[in-house]
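An overview of the molecular structure
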Amino acid sequence: QGDVFTFDPGFTSTAACESAITYIDGDVGELWYRGYPIEQLAQKSHYLEVCYLLLNGELPSADQMEKFEWLITHHTMVHEQLHYFFRGFRRDSHPMATLVGVVGAMSAFYHDSLDINDPHHREVASIRLIAKLPTLAAMAYKYSLGQPFVYPKNDLDYASNFLHMCFSVPAEPYHTDPALARAMDRIFTLHADHEQNASTSTVRLAGSSGANPFACIAAGIACLWGPAHGGANQAALEMLQEIGTVDRIPEYIRRAKDKDDPFRLMGFGHRVYKNFDPRAKIMKESADEVLDLLGIENNPTLQVAKELERIALEDEYFVSKKLYPNVDFYSGIILSAMGFPTSMFTPIFALSRTVGWISQWKEMLGDPDSKIGRPRQLYIGSDRRDYLDVAKR
Ligand code: SDX
């Protein structure tokens, strides 16, 4: 199954690692979670079952799933003091800014009683993070709206609970359409893990020093925020909205090919995939379903996205550089149709990816030979030289 990285034992670093969690073949566009193809999981499984699979390595029995789901559901509330923590932020703060801060603050609420050297404690931290991230992401959204926080409800499934916490108000509860909840759940699954991407490597490197899992996940959220990484879903939709109509696409294609123009087609290209990102294909099908479900016919942004994809995939520049739509190209269209502002796209990516980050953290800490990461450098600076008094400079 592809090359497993090995390196000179004297060269200890987490820059290259062995992992049994996710497999990607970028040349053929394959993505497996614990050996199961993403297409089958997106169609037949659901996010909490995928969480169990990523954390434990096997699909759960019915009894194991029931116990896992009960644990997650009964840890969705956050400490009431965290509500006050939000008050320190401006209302117009980007939800990713508040999420980085509040998840880091979880270290002060949930870590004191945990010992990361104890496998059971690592499991407890994992459950708390998977359970509480949707609550905190919804709180970040509500805070930005100036609306009151909405508490989780234990009779709702994971995706419905998140939509409830985002869109309910005290005067009027939000009733989730089961088909919309399934679309939300599928988005969570498609973003759950992705091998050693930038944010996962950040979590591993932070975790390799023994930092607590809440601080490590906050570091992963900070890295994901960048527009070259998880921030691309917000940038991709804003780009499609800026293009506006299909007749304006050629100008943006020209700019994307102009090396003197910093503009890039957001949601296109990938460090690993040199073929279609399998998640983008599933996301594109889901976009059609969700827009039909919501009765949003002929969504101009979806028309621009499909036409942009068609033109780019016939263009020599993109074909020669093997640039295809990635997971971020269509996701924003779905989230926008559901009612989310673009600023909530990356927080949703972050809550989805928390299980991948914490599974990789657990895998690393479970390896008795794991050491602190220490990526090396190639020194290209000055040769050795003596100090020069200011009068001689
Ligand atoms: C994610 O790693 C992961 O797994 C990440 C992720 C995950 O699940 O964790 O998959 C999530 O981050 C997806 C990527 C989201 N980012 C974007 O959509 C931003 C737009 N994409 C680009 O910024 C870019 O494609 C990157 C950052 C994703 C990859 O950058 P690279 O490594 O420079 O891309 P490359 O090596 O494939 O580029 C090859 C060439 C370069 O030109 P040359 O130097 O060869 O002349 O293609 C060009 C690039 O300049 N290029 C683009 C382009 N992406 C690459 N040109 C125009 N538009 C683009 N989008």
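Everything numeric here is computed off the predicted structure, so don't read it as measured data.

For helix H10 (residues 213-224), built from 12 residues, the straight-helix expectation of 16 Å at 1.5 Å per residue is met to within 8% by its first-to-last C-alpha distance of 16 Å. Tucked inside the fold, the buried residues of H10 contact helix H5 (95-110), helix H6 (119-145), helix H9 (198-208) and helix H17 (345-365). Sitting at the head of H10, Asn212 places a side-chain oxygen 2.9 Å from the backbone nitrogen of Phe214.

Before going further, it helps to examine the packing of helix H8 (residues 178-190) against helix H16 (residues 328-338). For any two helices packed against each other, one specifies the crossing angle of their axes together with the interaxial distance. Relative to each other, H8 and H16 sit at 145°, their axes nearing to 11 Å. Helix-helix and strand crossings are classified by hand; for H8 and H16 the assignment is left-handed. Contacts between H8 and H16 involve Leu180, Ala183, Met184 and Ile187 from the former and Ile334, Leu335 and Met338 from the latter. Class assignment of the residues belonging to the contact of H8 with H16 gives a composition of 7 nonpolar, no polar and no charged.

Per-residue confidence for the protein averages 93 on the pLDDT scale, and 96% of its residues sit at or above 70. Predicted confidence for residues 1-15 stays below pLDDT 50, and this span has 22 contacts to residues more than four positions away or in other chains. Model confidence for the complex is summarised by a pTM of 0.92, with the ipTM given as 0.86.

Here the focus is the site of the ligand. Neighbouring residues of the ligand: 25 residues in total, closest His194, His270, Arg271, Lys274 and Arg279. The separation between an oxygen atom of the ligand and a polar side-chain atom of Arg264 is 2.8 Å. The side chain of His270 places a nitrogen or oxygen atom 2.5 Å from an oxygen atom of the ligand. Protein chains shield 80% of the accessible area of the ligand, which is 1000 Å² for the free molecule.

Here 3 strands make up an open sheet; going across it, the order is E1-E2-E3 and the pairing antiparallel. On the outer flanks of this sheet lie strand E1 (22-25) and strand E3 (36-37), each paired with one strand and no other. Bridge analysis of E1 against strand E2 (residues 30-33) gives 4 bridges, and the strand direction is antiparallel. Bridge pairing in E2 links Ile24 to Leu31.

For the rest of this paragraph, the subject is the UniProt feature "active site" (unreviewed entry) in the protein. UniProt records the feature "active site" (unreviewed entry) for His270 and Asp328 in the present numbering. Their sequence span is 59 residues, while the largest C-alpha to C-alpha distance among them is just 10.4 Å; these annotated residues converge on one region. Within the element layout of this structure, His270 appears in the loop between helix H12 (249-257) and helix H13 (278-293). Given the relative accessible area of 23%, His270 is considered partly exposed. At 2.8 Å, the side chain of His270 forms a polar contact with the backbone nitrogen of Val272. With respect to the helices and strands, the residue Asp328 is situated in helix H16. Setting aside its immediate chain neighbours within four residues, Asp328 contacts His191, His229, Gly230, Ala232, Asn233, Ala236, Gly267 and Phe349.

This next bit is on the side chain of Ser160. Tracing the backbone through its elements, the reader meets Ser160 in helix H7 (residues 158-167). Using a relative accessible area of 7% as the deciding quantity, one classes Ser160 as buried.

It is worth spelling out the state of the cysteines at this point. Counted under the stated rule, the structure contains 0 disulfides. With no disulfide of its own, Cys17 lies 15 Å from the sulfur of Cys216, the closest cysteine sulfur. Relative accessible area serves as the criterion here: at 18%, Cys17 is assigned to the buried category. Looking at the unpaired Cys166, the closest cysteine sulfur is the one in Cys51, lying at 17 Å. We classify Cys166 as buried; its relative accessible area is 1%.

About the thresholds
- Residues numbered from 1 in each chain as written.
- Predicted model: local features only at pLDDT ≥ 70, side-chain atom pairs only at ≥ 80, totals over all residues.
- Heavy atoms only, no water.
- Helix = DSSP H or I, 4+ residues; strand = E, 2+ residues; numbered from the N terminus.
- Expected span 1.5 Å × (residues − 1).
- Contact = heavy atoms within 4.5 Å.
- Polar contact = N/O pair within 3.5 Å; in protein donor to acceptor, adjacent residues only side chain to side chain.
- Axes fitted to C-alpha atoms, helices over the stretch in contact; angles between N-to-C directions.
- Left-handed = near helix turned anticlockwise from the far one by under 90°.
- Nonpolar A, V, L, I, M, F, W, Y, C, P; charged D, E, K, R; others polar.
- pLDDT = per-residue confidence, 0-100.
- Near = heavy atom within 4 Å.
- Areas by Shrake-Rupley, 256 points an atom, 1.4 Å probe, with all protein chains shown as cover.
- Pairing = 2+ DSSP bridges.
- UniProt positions renumbered as here; feature names shortened; annotations may be inferred.
- Buried < 20%, exposed > 50% of the residue type's maximum accessible area, 1.4 Å probe, protein only.
- Disulfide = S-S within 2.5 Å.

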